[in-house]
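Residue-level listing of the chains:
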Amino acid sequence: VSGAIPVTSGAYALNGAAACVMTLATPTTPAQDGTRLVIAATTAHAHTVTTAATKIMGTKAIATFAAVGDILVLEALNGLWQVLTIGGPTPVALT
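Remember, it's a predicted structure, so these values are computed and weren't measured experimentally. (Residues numbered from 1 in each chain as written. Predicted model: local features only at pLDDT ≥ 70, side-chain atom pairs only at ≥ 80, totals over all residues. Heavy atoms only, no water.)

Let us now look at the sheet that holds strand β2 (residues 10-14). Spatially, the four strands line up as an open sheet ordered β2-β4-β7-β8, and their pairing is mixed. Looking at which strands have only one partner, the edges of the open sheet turn out to be β2 and β8 (80-87). Sheet twist, expressed as the mean angle between neighbouring strand axes with direction ignored, is 20°. Pairing geometry for strand β7 (residues 71-77) and β8, over seven bridges, is antiparallel. Paired with E75 across the two strands is Q82, which belongs to β8. (Pairing = 2+ DSSP bridges. Helix = DSSP H or I, 4+ residues; strand = E, 2+ residues; numbered from the N terminus. Axes fitted to C-alpha atoms, helices over the stretch in contact; angles between N-to-C directions.)

Written as structure tokens, this is what we have:
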């Protein structure tokens, strides 16, 4: 499964029968500041969410989910995705 996660507040499940390869656009500022996304793995595959270079906290671009229940909460601020929460049995890896 591959596709784009919409830049709108809400929850998104990574639930493919194989690894999901998703993209996440850069939020526009100030229009999308405050947009909050909850992304969670509901299947145990190496799901990835990729942004443009350095758009997660200004230094990261890829989030990798490895286990059911891995979760990442992001909020848009000043054209970046800020990490509010990383959790799960195998916490999401940011690179």
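Moving on to the pattern of salt bridges. Tallied over the full model, the rule gives one salt bridge. Salt-bridge contacts for E75 lead to R36; the nearest nitrogen and oxygen are separated by 2.5 Å. With E75 in strand β7 and R36 in strand β4 (residues 36-41), this pair connects stretches of sequence that are 39 residues apart. (Salt bridge = Lys/Arg side-chain N within 4 Å of Asp/Glu carboxyl O.)

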